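Residues per chain are reported as follows:
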Amino acid sequence: MAKKLTTAEILAQARKQAAGESAGAESPPPATESADAGTQPEAASAAPAAAPKKPAAGGAKPTSTADILAAARAQKAAGAAAPAGDKPAAKATPKSTADILAAARGKAAAAVPAKGEGKGAKPAATGAAVASGEPLPSVEEMMKAVRGGSGGPAAEPAVKPKPTLPPLPKKPVVAAKKAPEAVSRRGVVMSLIGTPFAAAWTFLTATTATATLAMARFMFPNVLVEPPTRFKVGPPGDYPLGTVSNKWKSSRGIWIVHTDQYDGGNLIYALASVCTHLGCTPNWLDGEQKFKCPCHGSGFYITGINFEGPAPRPLERVGLRVAPDGMLEVDKSVKFQEEMGQWADPTSYVEIA
Ligand code: FES
């Protein structure tokens, strides 16, 4: 099989051949050279006379690649046609798809046996098959015939085996999702309480309630609830002479004293249980017959006159009178101080006849 030449080889071969032709056209024939070297100028002059036998090439040298290719093709065709006397004609190379299909149809028609003919029968010509009304072979049949007749690779099987795919990996079994449980009312409430939104509302509500209560308290005045300053302590007979009663000390803050040691009179009066030093509450010591302050040791007689300790003055009396019902009535709103001569006021004592 002839080796397929590349374009470069074709060009090189064409140039070589063209150069040889031009050399042959310019140089005298070898016979003339060998015959007589002295007649070379004449032979050279005679050469143009012999030149008309060869095709004129307008200078005999291709000027372009197209000319070179054309010359190469023409020479190749001539070389192929020269030995065609004994050998069959070379296959014409299809140049287009139409040519390929035409050639394929011709081969296929020749390969497919006509109906009614035996296996050994020769295929009829394409024109004859068309003229006889036989169906033309399909493109696949023609392609098979072309492949088989051209000596190419063996015909591929009609059905290609499908590639065996590897088995897909099994998907992991996912546990079925549990259906969402019904949200109970308690759950909703608890979820609301535990949220920042609920905490904010709780804080706001508590703040508002506190402010409301503070405003309500502001609307009422500060009142010191104290027992009334005027109150009855019983009949004079409940307080014998020479005694100090502690009955009203804790609840009313007074002593009821019945004595005759102050100016010789038989008097009942009420002493405030407040030390005149710094306001502590003294105690009556019946055995010592004196009032004794536990804070700084001030001492007072039964009459209320101070005699020891830092107390600067006697105890104070409060108002006392006999009510219309015969009961002793104390009035703490009024106070009497001995150093100011107020103990002489008859409203500061009750004289017992
Ligand atoms: Fe009573 Fe100081 S307060 S002695």
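Up top you'll find the structure we're talking about.
Below is a summary of the structure that appears in this document. If you're wondering where the values come from, they're calculated on a predicted model, not measured in any experiment.

## Looking at the overall build of the protein chain
Point 1. Along its length, the protein chain carries 10 helices and 11 strands.
Point 2. A total of 353 residues make up the protein chain; the buried ones form 21% of that total.
Point 3. Partitioning the intrachain contacts of the protein chain with sequence separation of at least 6 by distance along the chain shows that 47% fall at a separation of at least 24.
Point 4. Accessible surface, the protein chain: about 25600 Å² in total, of which carbon and sulfur atoms supply 63%.

## With respect to the sheet that holds strand E5 (residues 283-285)
Point 1. Reading across the sheet, the 4 strands line up as E5-E6-E7-E8 and stay open at both edges, with antiparallel pairing between neighbours. Looking at the sheet topology across the chains shown, the edges are occupied by E5 and strand E8 (306-308).
Point 2. Bridge count between strand E6 (residues 290-292) and strand E7 (residues 299-300): 2 bridges; the pairing is antiparallel. Across the sheet, residue Phe 291 finds its bridge partner in E7, namely Phe 300.

## Here we look at the nonpolar core
Point 1. Residues Val 244, Trp 255, Val 257, Leu 271 and Phe 291 are the most contacted members of the largest nonpolar core, which totals 18 residues.
Point 2. For this core, the elements supplying multiple residues, two or more each, are strand E3 (254-259) and strand E4 (267-272).
Point 3. Among the elements that take part in this core, E4 stands out by supplying 3 residues, more than any other.
Point 4. If we ignore the near neighbours within four places in the chain, the residues touching Val 257 are Thr 243, Val 244, Leu 267, Ile 268, Tyr 269, Leu 271, Phe 291 and Ile 302.
Point 5. With 14 residues, the next largest nonpolar core counts Ile 268, Ala 270, Leu 320 and Val 350 among its residues.

## Comments concerning unusual backbone geometry
Point 1. For Asp 263, which is not a glycine, the phi torsion comes out positive at approximately 60°.
Point 2. With respect to the helices and strands, the residue Asp 263 is situated in the loop between E3 and E4.

## Focus on the pairing of E3
Point 1. The buried count for E3 comes to 6 of 6 residues, which makes it a mostly enclosed element.
Point 2. Of the two faces of E3, both are covered, the one formed by Ile 254, Ile 256 and His 258 as well as the one formed by Trp 255, Val 257 and Thr 259.
Point 3. Alignment of strand E2 (residues 243-245) against E3, held across 3 bridges, turns out to be antiparallel. Each residue of the ladder has a partner; that of Thr 243, found in E3, is His 258.

## Some details on the pairing of strand E10 (residues 328-336)
Point 1. Sheet analysis places strand E1 (residues 230-234) next to E10, joined by 4 bridges and oriented antiparallel. For Lys 232, the partnering residue across the bridge sits in E10 and is Glu 329.
Point 2. Here strand E9 (residues 317-322) runs beside E10; their pairing, made up of 6 bridges, is antiparallel. Pairing of Gly 319 across the sheet is with Asp 331, part of E10.
Point 3. Remark: 5 residues form the turn of the hairpin made by E9 and E10, two consecutive strands paired antiparallel; Gly 326 in that turn has positive phi of roughly 85°.

## A few points about the pattern of salt bridges
Point 1. Tallied over the full model, the rule gives 9 salt bridges.
Point 2. With a closest N to O distance of 2.8 Å, Lys 292 and Glu 308 form a salt bridge. On the criterion of sequence distance, the pair formed by Lys 292 in strand E6 and Glu 308 in strand E8 is long-range, its members being 16 residues apart.
Point 3. The partly exposed category is assigned to Glu 308, whose relative accessible area is 23%.
Point 4. Measuring nitrogen to oxygen at the nearest pair gives 3.6 Å for the salt bridge that ties Glu 339 to Arg 313. You can see Glu 339 sitting in the loop between E10 and strand E11 (350-351) and its partner Arg 313 sitting in the loop between E8 and E9, a full 26 residues away along the chain.
Point 5. Classification of Arg 313 as partly exposed rests on a relative accessible area of 24%.
Point 6. The network of salt bridges with shared partners includes Arg 230, Arg 321, Glu 329 and Asp 331.

Cut-offs applied
Residues numbered from 1 in each chain as written. Predicted model: local features only at pLDDT ≥ 70, side-chain atom pairs only at ≥ 80, totals over all residues. Heavy atoms only, no water. Helix = DSSP H or I, 4+ residues; strand = E, 2+ residues; numbered from the N terminus. Buried < 20%, exposed > 50% of the residue type's maximum accessible area, 1.4 Å probe, protein only. Contact = heavy atoms within 4.5 Å. Areas by Shrake-Rupley, 256 points an atom, 1.4 Å probe, with all protein chains shown as cover. Pairing = 2+ DSSP bridges. Core = buried A, V, L, I, M, F, W, Y, C linked by side-chain atoms within 4.5 Å. Salt bridge = Lys/Arg side-chain N within 4 Å of Asp/Glu carboxyl O.

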